[in-house]
Amino acid sequence: MEQNHKAGFVNIIGNPNVGKSTLMNRLVGERLSIITAKAQTTRHRIKGIVNGDNYQIVYSDLPGILTPAYKMQEMMMRFVDESLQDADVLLYLIECGETKYNEEIIQKLKNVSTPILLVINKIDKSDEATIISMRSYWLELLPKAEIVEISALQNLNLDILLQKIVEKLPPSPPYFPKDELTDRPMRFFISEIIREKILLQYKKEIPYSVEVVVESFKEEEGLTRIGAVLYVERETQKMIIIGRKGVSIKQLGITARADIEEFLGCHVFLDLSVKVLKDWRDSDLIMKRFGYNNNG
Ligand SMILES: Nc1nc2c(ncn2[C@@H]2O[C@H](COP(=O)(O)OP(=O)(O)OP(=O)(O)O)[C@@H](O)[C@H]2O)c(=O)[nH]1
Ligand SMILES: [Mg+2]
């Protein structure tokens, strides 16, 4: 390994829906995190690794900052808190035009010595005057931060952002093998694809009450058989997920399967079933089983 190798953890935080997952996927060049127009799409800390000749960036996409209403959201905020501690560079992402912030997080950011890049996203749908007012508003809150204005969706200024990130990386050997893209197993990404389709298809509280678990994954010649269980909190949610005569879950299966086939590059047989696990979002034990304690 070269003497001047740099490596570090670059953690992407910010309010829900500001484009954190879009940004990480762009920076990594792969679709690792699911993206929807709905807030609280991301529930876990998801790592995406980028390797240069003499650097390695370990990005972490995180859930959006919120005030928890149930234990799962408390867990989500714990991941955010932990990410403030172990970052080498923090990307605090805001959406151009937004002024909302979480007082506690801003205080914590003021107290860390970690370099902060204040990334103003979605400039494609904004104007110069708003961008200028954003700069002064947010610099007042985070005076030590350095500002970069981007559009993750339209790939604007991402080269500038990357350059600033690499500048700030500390000297270090790589943390992961240099051909690795993420720390998550295949099953995780498959369950996330299914969850993305649930967020897109179902309304209101339904997507937030579902956890998807891939329980079987069998590769056969020319076909991969996948069995996934959708855990919901109540019987009524189960009925909605399934729909009249099973039409809704059938539709979900069709859209999810198409995406999984693209992701895996092979034919897929997808079996979806729904089970009720009463109030799982408030059960430490069940959430542990679902992997919410393991987001290193
Ligand atoms: N116009 C525009 N839209 C964007 C941009 N970046 C992201 N979006 C859109 O913003 C929405 C939310 O994007 P996500 O990447 O899921 O946002 P997030 O911050 O990860 O959201 P949570 O995981 O729910 O906290 C999606 O509809 C994206 O297409 C951008 O640069 N410009
Ligand atoms: Mg996200």
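Definitions and limits used
- Chains are numbered independently. Their residues run from 1 in the order of the written sequence.
- Chains and ligands are labelled sequentially in the order written, the chains with letters from A and the ligands with numbers from 1.
- Only residues with pLDDT of at least 70 get local features here, since the model is predicted, and only at 80 or more are side-chain atom pairs given and counted; chain-wide, interface and lining totals rely on the full set of residues.
- Strands here are runs of E lasting at least two residues and helices are runs of H or I lasting at least four, both read from the DSSP assignment and numbered beginning at the N terminus.
- Throughout, the radius of gyration refers to the C-alpha atoms, and the reference size of a globule is 2.2 Å times the residue count to the power 0.38.
- Residues with at least 20 neighbouring C-beta atoms inside 10 Å of their own are called buried, those with 12 or fewer are called exposed, and the rest are partly exposed, where every C-beta is derived from the backbone.
- Any two residues are considered in contact once their C-beta atoms, placed from the backbone, lie within 7 Å.
- These domain boundaries are the output of an automatic or database domain assignment.
- For this classification, the nonpolar set comprises Ala, Val, Leu, Ile, Met, Phe, Trp, Tyr, Cys and Pro, the charged set comprises Asp, Glu, Lys and Arg, and every other residue, Gly included, is treated as polar.
- A residue counts as near a molecule or strand when its C-beta atom, positioned from the backbone, falls within 6 Å of it.
- Here a helix's expected span is defined as the number of its residues, less one, multiplied by 1.5 Å.
- Only the contacting stretch of a helix is used when fitting its axis, a line to C-alpha atoms as for every element, and angles between N-to-C directions run 0 to 180 degrees.
- Should an angle fall under 35 degrees it is taken as roughly parallel, and over 145 as roughly antiparallel, whereas 65 to 115 is taken as roughly perpendicular and any remaining angle as oblique.
- Crossing handedness is read from the near helix: turned anticlockwise from the far helix by less than a right angle, it gives a left-handed crossing, and turned clockwise, a right-handed one.

### A look at the overall build of the protein
Okay, so step 1: For the protein, the helix and strand inventory stands at 9 helices and 9 strands.
Okay, so step 2: Relative to the compact-globule value of 19 Å for 296 residues, the protein shows a C-alpha radius of gyration of 20 Å, a close match.
Okay, so step 3: Here the C-alpha coordinates of the protein stretch approximately 55 × 45 × 35 Å along the principal axes.
Okay, so step 4: Relative to its full complement of 296 residues, the protein shows a buried share of 35%.
Okay, so step 5: Taking as baseline every contact in the protein between residues at least 6 positions apart, the subset at least 24 positions apart corresponds to 70%.

### Focus on the domain arrangement of the protein
Okay, so step 1: Domain boundaries assigned for the protein yield domain 1 (6-168) and domain 2 (186-289).
Okay, so step 2: Each of domain 1 and domain 2 has a C-alpha centre, and these two points are 28 Å apart.
Okay, so step 3: Counting from both sides, the interface comprises 9 residues of domain 1 and, opposite them, 11 residues of domain 2.
Okay, so step 4: Grouping the amino acids of the side of domain 1 that touches domain 2 by side-chain chemistry returns 4 nonpolar, 3 polar and 2 charged.

### Considering the site of ligand 1
Okay, so step 1: Around ligand 1 sit 23 residues in total, of which Gly19, Ser21, Thr42, Gly64 and Leu153 are the nearest.
Okay, so step 2: Ranked by residue count, the leading element in the shell around ligand 1 is helix H1 (residues 20-28), at 3 residues.
Okay, so step 3: Of the residues that constitute the shell around ligand 1, the class distribution is 8 nonpolar, 11 polar and 4 charged.

### Here we look at the environment of arginine 195
Okay, so step 1: Position of arginine 195 relative to the elements: it lies in helix H6 (residues 186-201).
Okay, so step 2: Excluding anything up to four places from it in sequence, arginine 195 contacts Ile34, Val210 and Val212.

### Description of helix H2 (residues 71-85)
Okay, so step 1: For H2, built from 15 residues, the straight-helix expectation of 21 Å at 1.5 Å per residue is met to within 8% by its first-to-last C-alpha distance of 21 Å.
Okay, so step 2: Within H2, the full set of buried residues consists of Met72, Met75, Met76, Met77, Phe79, Val80 and Ser83.

### Structural notes on unusual backbone geometry
Okay, so step 1: Positive phi is not limited to glycine here, since glutamine 40 has a value of about 65 degrees.
Okay, so step 2: If you trace the backbone, glutamine 40 turns up in the loop between H1 and strand S2 (46-51).
Okay, so step 3: Classification of glutamine 40 by C-beta neighbours within 10 Å gives partly exposed; the count is 17.
Okay, so step 4: Although it is not a glycine, lysine 122 adopts a positive phi angle of roughly 65 degrees.

### Overview of the environment of lysine 178
Okay, so step 1: Residue placement: lysine 178 occurs in the loop between helix H5 (158-168) and H6.
Okay, so step 2: Measuring from C-alpha to C-alpha, the distance between lysine 178 and glutamine 56 comes to 7.7 Å, with 122 residues separating the pair along the chain.
Okay, so step 3: In this structure, lysine 178 is in contact with Asn51 and Gln56, ignoring residues within four places of it in sequence.

### A word on the environment of serine 60
Okay, so step 1: Its location among the elements puts serine 60 in strand S3 (residues 55-61).
Okay, so step 2: Distance in space between the C-alpha atoms of serine 60 and methionine 76 is 13 Å, their sequence separation being 16 residues.
Okay, so step 3: Residues contacting serine 60, with those up to four places away along its chain left out, are Phe9, Asn11, Ile12, Arg45, Ile46, Lys47 and Ser83.

### Observations concerning H6
Okay, so step 1: Taking 1.5 Å per residue as the helical rise, H6 with its 16 residues ought to reach 22 Å, and the 23 Å between its terminal C-alpha atoms agrees with that figure.
Okay, so step 2: Looking only at H6, the buried set comprises Phe189, Ile190, Ser191, Glu192, Ile193, Ile194, Arg195, Glu196, Lys197 and Ile198.
Okay, so step 3: Its buried side turned inward, H6 meets strand S7 (211-220), strand S8 (223-232) and helix H8 (247-264).

### Describing the packing of H6 against H8
Okay, so step 1: At a minimum axis separation of 9 Å, H6 and H8 run at an interaxial angle of 140 degrees. One way to sum up the angle between H6 and H8 is to call them oblique. Both H6 and H8 take part in a crossing whose hand is right-handed. Contact residues: H6 offers Phe189, Ile190, Ile193, Ile194, Lys197, Ile198 and Gln201, while H8 offers Gln251, Leu252, Thr255, Ala256, Asp259, Ile260 and Phe263.
Okay, so step 2: Here the residues of the contact of H6 with H8 are counted per class, giving 9 nonpolar, 3 polar and 2 charged.

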